[in-house]
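One letter stands for each residue in the lines below.
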Amino acid sequence: MGPEVCALLLLGLLYWAGDCEAQMTWQSLGQQPHRSWAERVADDRQAVESFPLDLTALEGNMESFMEQIQSLAQALYPCASQQPSEDLHLHLLLNKSVTCNDGSPAGYYLKESKGSGRWLIFLEGGWYCFNRDTCELRHSATPHLMSSKDWPRTRIGTGILSSLPEENPHWWNANMVFIPYCSSDVWSGASPKTKKNDYAFMGTLIIQEVVQELLDRGLAGGKVLLLAGSSAGGTGVLLNVDRVAKQLEELGYPAIQVRGLVDSGWFLDNKQYRHTDCVDTLTCAPTEVIRRGIKYWNGLVPEPCQRQFKEGEEWNCFFGYKVYPTVSSPLFVVQWLFDQAQLIVDNAYLTGQPVQEDQRLYVQNLAGELRHTLQNVSASFAPACFSHEVIIRSQWTEVQVNGTSLPEALHCWDRSLHESHNASKAPVKGCPIHLVDSCPWPHCNPTCPTIRNQFTGQEVNVAQFLRRMGFDVPSVAQ
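Per chain, residue numbering runs from 1 following the sequence as it is written. In keeping with the predicted nature of the model, local features appear solely for residues at pLDDT of at least 70, side-chain atom pairs appear and are counted solely at 80 or more, and the whole-chain, interface and lining totals rest on all residues. Excluding hydrogens and water, the side-chain values take into account all heavy atoms of the structure.

Chemist: Account for the pattern of salt bridges, with residues named and values stated.
Modeler: One side-chain nitrogen of Lys or Arg within 4 Å of one carboxyl oxygen of Asp or Glu is enough to make a salt bridge. Applying the stated criterion across every chain yields a total of 10 salt bridges. Here Asp 102 and Lys 149 are joined by a salt bridge, their closest N and O atoms 3.9 Å apart. One end of the pair, Asp 102, is in the loop between strand 1 (87-92) and strand 2 (107-111); the other, Lys 149, is in the loop between helix 4 (132-141) and strand 4 (154-156), with 47 residues separating them in the sequence. One salt bridge in this structure joins Asp 414 and Arg 118, with 3.6 Å as the shortest N-O distance. Here Arg 118 lies in strand 3 (residues 118-123) and Asp 414 lies in helix 12 (residues 406-421), a separation of 296 residues in the sequence. To sort residues, take the accessible area from a 1.4 Å probe on protein chains only and compare it with the maximum for the residue type: under 20% means buried, over 50% means exposed, and anything in between is partly exposed. The class for Asp 414 is buried, based on a relative accessible area of 11%. Note on conventions: DSSP H or I runs of at least 4 residues are helices, E runs of at least 2 residues are strands, and numbering of each starts at the N terminus.

Pasting the structure below:
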């Protein structure tokens, strides 16, 4: 892009700003502007001509210039749509053989962004079931996680799915796709419902079918596809990101850059704090759940990871630190060091009630183990907080590690991938992408979100929470 084109782009944005401001003023008066287009251009040209443009400064510094253009476009975004719609609209799959657990058609929610080459596909989380009893209980308690029959026609995009620049600074103008989780198989299954099988488990097939349909809705012309997910959806990203990249390549779209964003799906296969029999979803050890589940679901794992283990040990590939070295696509891992879901399945969940010394040490050691598994993950964001999931929360911009927020870190990651794609080996200066808290206790990071009891939803006082864990709160505060 030459300087003359850049100047025209900037002048166009400035003209749009002036015209938009006039429209807003007239609309507030309940009138329509009667000035001709030529008159408005003449007025705007006078204002634009007084704007200093040093086109020579653009040479060799296009990235900085385009960032300024992006910032200006974001500032003008409210003018582009006086009443921006945040709705993602439901589309049930055309291929009715790819279904939810109960045999109802799977689907996805879509909000298109015409002209954008970026696509964000989000995989919803929500635990799992691993035998007939746990699936029947799940169906009665949370039917929307096993059936599409009562899904709403629209849903609001929040966090990284928001189309508002102030809530989603760097991905606000992407094409947004939300795939509801209705397969209960950590997005790994490939078995239909039959007379012998009470439920279908088709998580990985649902992802492939959605990608296939999106090609006809604009993805064919896309440049970047970010496959993101939270909790079980985050683990689903680890299992499926390379499969999506291979699918697009085989369909004739190798130029689409596929990346993965794993939120709260980096679980450990560690020893439980207190062992219990595997009778329900929440207290069964993760390793035992996956051992049983992968057979029940007919679950698939990435072939490169599968080759690392003996037959019957494919369950290892559901754990991030084991599958990560075998994944080819770029990955960004977001993980709370004191993840609530991990603590629940380890039977060490912190409710705010007093804990024993051995439980406190177990929890601190757990954070240390998580920190260790992230050492070789080049792009990661791991705050020392007691929480679970973050990227589709409206407040996802507030948490920081070493002064860098999650959206900023993701933007740095985007830039680093862009540079590497352009054969530049120099790292992006002042743009960190490996951010892991080093402080050793829950909520030692002052930007952590409010602590809430995951079972009751009630807010828990941080000082009281730490005191009941056996910490000397004044010393911690210092």
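Chemist: I'd like a description of the state of the cysteines, backed by residues and values.
Modeler: Note on terminology: pairs of cysteine sulfur atoms within 2.5 Å are recorded as disulfides. For the structure on display, the rule yields seven disulfides. Two residues, Cys 385 and Cys 448, share a disulfide whose sulfurs are 1.9 Å apart. Judged by the sign of its S-S torsion, about -85°, the cystine formed by Cys 385 and Cys 448 is left-handed. You can see Cys 385 sitting in the loop between strand 10 (380-382) and strand 11 (386-387) and its partner Cys 448 sitting in the loop between strand 14 (434-436) and helix 13 (462-468), a full 63 residues away along the chain. Classification of Cys 448 as buried rests on a relative accessible area of 13%.

Chemist: Mind laying out empty space enclosed by the protein, listing which residues take part and the relevant values?
Modeler: The method works on a 1 Å grid over the protein atoms by themselves. A cavity is a set of points holding a 1.4 Å probe that cannot get out, a pocket is an open set with protein on both sides within 12 Å along at least five of seven lines, and residues with an atom within 4 Å of a point line them. Grid points are joined across faces, edges and corners, and a volume is the space filled by probe spheres set on the points. Enumeration over the complete set of coordinates arrives at one cavity of 30 Å³ or more. In this structure, the largest cavity spans a volume of roughly 220 Å³. In this structure, the largest cavity is lined by 14 residues; those nearest its centre are Tyr 128, Thr 235, Phe 267, Pro 286 and Ile 290. Going through the elements one at a time, helix 6 (232-250), helix 7 (286-297) and helix 10 (340-345) are the ones with two or more residues in the lining of the largest cavity. Of the residues forming the lining of the largest cavity, the biggest block, three residues, is contributed by helix 7. Counted by class, the lining of the largest cavity contains 12 nonpolar, two polar and no charged residues. Each residue gets one of three labels, nonpolar for Ala, Val, Leu, Ile, Met, Phe, Trp, Tyr, Cys and Pro, charged for Asp, Glu, Lys and Arg, and polar for the others, Gly among them.

Chemist: Explain the confidence of the model for the chain to me, using residue names and the numbers behind them.
Modeler: When pLDDT is averaged along the chain, the result is 82; 77% of the residues meet or exceed 70. Confidence of the predictor in every single residue is expressed as pLDDT, which spans 0 to 100. Note on contacts: a residue pair qualifies if any of its non-hydrogen atoms lie within 4.5 Å across the two residues. For residues 3-62, every residue scores under 50 in pLDDT, and the model assigns this stretch 45 contacts once sequence neighbours within four places are set aside. Every residue in residues 72-83 scores below 50 in pLDDT, and together they form 20 contacts with partners more than four places removed in sequence or on other chains.

Chemist: Go over the sheet that holds strand 10, please, and point to the residues and values.
Modeler: Strand pairing is assigned whenever DSSP identifies at least 2 bridges connecting the two strands. On the basis of which strands lie adjacent, the open sheet formed by 10 strands has the order 4-1-2-5-3-6-7-8-10-14 and mixed pairing. Edge strands, defined here as strands with exactly one partner in the open sheet, are strand 4 and strand 14. Pairwise comparison of adjacent strand axes, ignoring direction, gives a mean angle of 20° for this sheet. Sheet topology note: the strand 1/strand 4 ladder contains three bridges and is antiparallel. Inter-axis angles, ranging from 0 to 180 degrees, are taken between N-to-C directions of lines fitted to C-alpha atoms, where helices are fitted over the stretch in contact.

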